[in-house]
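Fold and geometry: a report
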Amino acid sequence: MTTNQPDESDLADAFGSGDERVLRAVYERWSSLVYTLALRSLTDVAAAEDVTQQVFVRAWRGRHTYHADKAPLGAWLVGITRNCVADALAERARHERLAHAVADEERSAPAEDPHDGMAERVLVAGELDRLEDVPRTVMRLAFFEELSHREIAERLGLPLGTVKSHIRRSLARLRTRLEVIE
């Protein structure tokens, strides 16, 4: 039984031509090797699949750097695989370090006292009550319900510019009043 697969030297010679059919043949020929190497190193199916894809994307983009007289195409792809696996392992290590740092930070952060800032909240609430009805409603929606300017405008049926103006003027009034109080 004969197969229609080109031999390795034919693929290597044609790889730099830019013919996507050659890329397909190269993928069919070496993807299982690349995937197996990646899976053995990373022990994660999804990561190995990602690395396999990265290898062939990098190979295709860098095909002009491949020289058949320097190395067999399979060996060149294995080299790219090693680099992609190293990048994936480094990325995994970065994520683990970050996760540990966040966990450490959360463990070492002092518990918040529920009474901290109570006076400031009461003061701000009192100053909000001194605003006129529409600006007070706009400010409460913005800061207590955390709605965007657009959401406030839609909820109250006001133009977006009006909502922004109410917030800007109200913040200026609150700042002036709070500076006097301090």
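Bear in mind the structure is a predicted one, so any value in this text is a computation, not a measurement.

1. Regarding helix 1 (residues 8-15)
Taken together, the buried positions of helix 1 are Leu 11, Ala 12 and Phe 15. Seen end-on, helix 1 carries its buried residues on one side only, within an arc spanning 100°. Looking at the buried residues of helix 1, the elements they touch are helix 2 (20-42), helix 3 (45-61) and helix 4 (73-108).

2. A closer look at the pattern of salt bridges
One pass over the full model with this rule turns up six salt bridges. Where Arg 94 meets Glu 91, a salt bridge forms, and the shortest distance between an N and an O atom there is 2.5 Å. Here Arg 94 and its partner Glu 91 are both found in helix 4, three residues apart, which amounts to about one turn of the helix. Glu 91 gets classed as partly exposed once you look at its relative accessible area, which sits at 33%. In this structure, the salt-bridge partner of Asp 129 is Arg 140, at a minimum N-O distance of 2.4 Å. Here Arg 140 lies in helix 6 (residues 133-143) and Asp 129 lies in helix 5 (residues 118-129), a separation of eleven residues in the sequence. Since its relative accessible area comes to 27%, Arg 140 is described here as partly exposed.

3. Describing the packing of aromatic side chains
Summed over all chains, the structure comprises five aromatic pairs. An angle of 80° between the planes, with centres 5.9 Å apart, marks the rings of Phe 15 and Trp 60 as edge-to-face. On the criterion of sequence distance, the pair formed by Phe 15 in helix 1 and Trp 60 in helix 3 is long-range, its members being 45 residues apart. No difference in accessibility class separates Phe 15 from Trp 60, as the two residues are buried. Measuring from centroid to centroid gives 5.9 Å for Phe 15 and Trp 76, while their planes differ by 70°, and the two rings are edge-to-face. Of this pair, Phe 15 sits in helix 1 while Trp 76 sits in helix 4, placing them 61 residues apart in sequence. Of the residues examined, Phe 15 reaches a relative accessible area of 0% and is grouped as buried. With a relative accessible area of 17%, Trp 76 lands in the buried category. A connected cluster of aromatic rings, assembled from ring pairs, spans Phe 15, Trp 60, Tyr 66 and Trp 76.

Cut-off values and rules
Residues numbered from 1 in each chain as written. Predicted model: local features only at pLDDT ≥ 70, side-chain atom pairs only at ≥ 80, totals over all residues. Heavy atoms only, no water. Buried < 20%, exposed > 50% of the residue type's maximum accessible area, 1.4 Å probe, protein only. Helix = DSSP H or I, 4+ residues; strand = E, 2+ residues; numbered from the N terminus. Arc of directions from axis to C-beta. Contact = heavy atoms within 4.5 Å. Salt bridge = Lys/Arg side-chain N within 4 Å of Asp/Glu carboxyl O. Phe/Tyr/Trp six-rings, centres within 6.5 Å; stacked < 30°, edge-to-face > 60°.

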